[in-house]
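# Per-entry structural report
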Amino acid sequence: MELKNHFLIAMPGIEDPFFKKSVIYICKHDSNGTMGLIINKPIENLKVKDILIKLKIKNIKKENEEMNKPVILGGPQSGDRGFILHSSKKSFSTSIKVSKNTLITTSRDILESIETLEDPNNMLVALGYCAWKKNQLENELLENSWLTAPANSYVLFKVPMKNKWNEAAKILGIDVKKITINFGNA
């Protein structure tokens, strides 16, 4: 089972605040484990422009759409570490290609590219990430904790965060709000 470039969609029964109604974009999945970023949990009162100011990035000339986007809580691991999911023709110093159209970058140079000709077409900035040890995610899938769906750029970059959970499930033809966690025997 290959899950890189897929969405993990939390089932309604997940109550953990990090993962309740979350959509996670899987950036790495191999025999050693899995790494991904939650893409629909904005950090309250933290915008991309705040990160640029904190990092003293000098090329801020005016506030644009990218700068006013919220920073996302990417997951419970390393909450002080930044990750940028983006689509771009250019790779940056730490860019890793996740799919044909999506890269993940952790270096400052991508943030310095905002408002330049090398500015990424689409961008999500996250603090922290999600990680699973070898076979841990596969076991959670067997326990029906998650749905999986092929990722697409529309849900990843264009759908408002509050709608990503529903829209990601629609890829599978499912209305996630109608899924019940109660089952039994007749």
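Given the structure is predicted, the values throughout are model-derived calculations rather than measurements.

Further remarks concern the overall build of the protein. Secondary structure assignment for the protein yields five helices and ten strands. Taken over 186 residues, the protein has a buried fraction of 48%. Partitioning the intrachain contacts of the protein with sequence separation of at least 6 by distance along the chain shows that 66% fall at a separation of at least 24. Accessible surface for the protein amounts to roughly 10,400 Å². Of this, 51% is attributable to carbon and sulfur atoms.

Right, let's get into the pattern of salt bridges. Enumeration over the complete set of coordinates arrives at three salt bridges. A salt bridge links Lys-20 to Glu-15; its shortest N-O distance comes to 3.4 Å. Looking at Glu-15, the relative accessible area reads 52%, which means it is exposed. Residue Lys-170 pairs with Glu-167 through a salt bridge whose shortest N-O separation is 3.2 Å. Of this pair, Lys-170 and Glu-167 both sit in helix H5 (residues 164-170), three residues apart, which is roughly one turn of the helix. A relative accessible area of 23% places Glu-167 in the partly exposed class.

One ladder, built from two bridges, connects strand S4 (residues 42-47) with strand S5 (residues 70-73); its direction is antiparallel. In the sheet register, Pro-42 faces S5, and the bridge partner there is Ile-72. Pairing analysis gives two bridges linking S5 to strand S9 (residues 122-133), with the strands arranged parallel. Bridging from a neighbouring strand, Leu-73 pairs with Leu-127 of S9.

Position of Thr-34 among the secondary structure elements: in strand S3 (residues 33-38). The contact partners of Thr-34, leaving out residues within four places of it in the chain, are Ile-26, Lys-28, His-29, Cys-130, Ala-131, Trp-132 and Leu-137.

Our next topic: the environment of Asn-152. Structurally, the position occupied by Asn-152 is in the loop between strand S10 (146-150) and helix H4 (153-158). In this structure the C-alpha to C-alpha distance between Asn-152 and His-6, which are 146 residues apart in sequence, comes to 8.1 Å. With near-sequence residues (within four places) excluded, Asn-152 lies in contact with Phe-7 and Ile-171. A polar contact of 3.2 Å, which involves the side chain of Asn-152, links it to the backbone nitrogen of Tyr-154.

Looking now at unusual backbone geometry. A positive phi angle, near 60°, is found at Asn-45, a position not held by glycine. As for its position among the elements, Asn-45 is in strand S4. For Asn-144, which is not a glycine, the phi torsion comes out positive at approximately 60°. Relative to the assigned elements, Asn-144 resides in the loop between helix H3 (136-142) and S10. Owing to a relative accessible area of 55%, Asn-144 belongs among the exposed residues under this scheme.

Evaluation of the coordinates by the stated rule reveals five aromatic pairs. Relative to Phe-19, the ring of Phe-18 has its centre 6.3 Å away and its plane inclined at 45°; by these criteria the two rings are tilted. On the accessibility criterion, Phe-18 (30% relative accessible area) is partly exposed. The interplanar angle of 85° and the centroid separation of 6.4 Å between the aromatic rings of Trp-132 and Trp-146 together place this pair among those described as edge-to-face. With Trp-132 in strand S9 and Trp-146 in strand S10, the pair connects residues that are 14 residues apart, well separated along the chain. Exposure remark for Trp-132: the relative accessible area of 7% places this residue in the buried category. Accessibility expressed as a relative area gives 6% for Trp-146, which makes it buried.

Calculation rules
Residues numbered from 1 in each chain as written. Predicted model: local features only at pLDDT ≥ 70, side-chain atom pairs only at ≥ 80, totals over all residues. Heavy atoms only, no water. Helix = DSSP H or I, 4+ residues; strand = E, 2+ residues; numbered from the N terminus. Buried < 20%, exposed > 50% of the residue type's maximum accessible area, 1.4 Å probe, protein only. Contact = heavy atoms within 4.5 Å. Areas by Shrake-Rupley, 256 points an atom, 1.4 Å probe, with all protein chains shown as cover. Salt bridge = Lys/Arg side-chain N within 4 Å of Asp/Glu carboxyl O. Pairing = 2+ DSSP bridges. Polar contact = N/O pair within 3.5 Å; in protein donor to acceptor, adjacent residues only side chain to side chain. Phe/Tyr/Trp six-rings, centres within 6.5 Å; stacked < 30°, edge-to-face > 60°.

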